[in-house]
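Listed below are the residues making up each chain.
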Amino acid sequence: MKFTKMHGLGNDFLVIDGEKELPEYASSLAVKWCNRYFGAGADGLVFILPSERADFQMRIFNSDGTEAEQCGNAIRCVCKYVYEKGYIDRRKVSIETLGAGVQLAELKTDSGAVSSVRIDMGEPILRGRAVPTTLEASPVLDWPLEVSGQRFRFTAVSMGNPHCVIFVEDAAVFDLYKWGPMLEEHPIFPQKTNVEFATVTARDRVEMRVWERGAGSTLACGTGACATLVASVLHGYTDRAAWIGLAGGDLYVEWSETDNHVYMSGPAETVYEGRIGQLR
Ligand SMILES: N[C@H](CCC[C@H](N)C(=O)O)C(=O)O
């Protein structure tokens, strides 16, 4: 089976095109192919499929085989792919997702290649399933959480997929590998969660490092960047548009006051095309 290796700020994917419907073995294929030693290596496996509601449908599987409702960096890669393959001849494209509805994208091109994509990521869900119903009514933004003796306060924001945003002294040096896995699997998150550690450095800039549900530490997380901006605005730390600085680079995120939608802008790159599995 052929694939195209792509990434958004180093959050990398194997993109599969040409399937008419999701293969039933998609999950096990993700585990096998995303393995960085025994497979091609990636944070996720992405399928571009036909859609009756949008120009295309995107399905995304984490490297542990779990399917995610949405993926910000992958959706930018999908938009780049379909434009540069000539499937569309316009700079606007709609993508159906599993858990975030149909999302609209605007492409910026430079001599025929897509240089960056601006995605309407839809409305943030603030009382999402990441927060148990017992706490749902509370106006409190910061939820208390204790993990092996360490107390945290987090803001739960869903972008179709769950995010737990924690503001820390210095995200760039925070011990992601120690606390990320424990928070990802904490029972307070019935669907598990992506975990963002954030440090506000200006009204228009937040440094963020991410431990992703089903993928672990990645260089960037698009939905996580959106969740981080929303949490920062809710706390009054930043304006409604800011740069989110990630290990792999910067994303520009805006939370519109007019339509309450979150808009994420950033690059997408193609690395190579390959084929995996027995050639004969
Ligand atoms: N691990 C995420 C899916 C990928 C999201 C991330 N790579 C992005 O760019 O949004 C989850 O299980 O919700």
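Please read these numbers as outputs of a predicted model, since none were measured by experiment.

Novice: I keep staring at unusual backbone geometry and nothing clicks. Help me out?
Specialist: Working note: non-glycine residues mostly have negative phi, and peptide bonds are mostly trans. In this model, Leu9 sits at a positive phi of 55 degrees, which is unusual for a non-glycine residue. Assignment of secondary structure puts Leu9 in the loop between β1 (2–8) and β2 (11–17). Of note, Lys192 is a non-glycine position whose phi angle comes to about 60 degrees, a positive value. Examined against the element boundaries, Lys192 turns out to sit in the loop between α4 (176–184) and β12 (194–202). According to the relative accessible area criterion, Lys192 is partly exposed, its value standing at 33%.

Novice: For this particular structure, what's the right way to read the side chain of Glu254?
Specialist: Structurally, the position occupied by Glu254 is in strand β16 (residues 249–255). Look past the residues within four positions of Glu254 in its chain and what remains in contact with it is Arg118, Leu229, Arg240, Ala241, His261, Val262, Tyr263 and Ser265.

Novice: Before we go on, may I ask you to explain the confidence of the model for the chain in this structure?
Specialist: Close reading of the predicted structure is inappropriate where its pLDDT is low. Confidence in the prediction for the chain averages 93 pLDDT; 94% of positions are at 70 or higher. Overall, residues 129–139 carries pLDDT values under 50, and its contacts beyond four positions in sequence, including any with other chains, amount to 20 contacts.

Novice: For this particular structure, what's the right way to read the pairing of β12?
Specialist: Regular strands show a simple pattern: their side chains alternate between the two faces of the sheet. When strand β11 (residues 162–167) meets β12, the two strands line up parallel, connected through five bridges. By the bridge assignment, Cys164 is partnered in β12 with Val195. Taken together, β11, α4 and β12 constitute a β-α-β crossover, and its handedness is right-handed. In sequence, β12 turns back onto strand β13 (residues 205–212) through a hairpin of two residues.

Reading the values: rules and limits
Residues numbered from 1 in each chain as written. Predicted model: local features only at pLDDT ≥ 70, side-chain atom pairs only at ≥ 80, totals over all residues. Heavy atoms only, no water. Helix = DSSP H or I, 4+ residues; strand = E, 2+ residues; numbered from the N terminus. Buried < 20%, exposed > 50% of the residue type's maximum accessible area, 1.4 Å probe, protein only. Contact = heavy atoms within 4.5 Å. pLDDT = per-residue confidence, 0-100. Pairing = 2+ DSSP bridges. Right-handed = clockwise from strand over helix to strand, strands pointing away.

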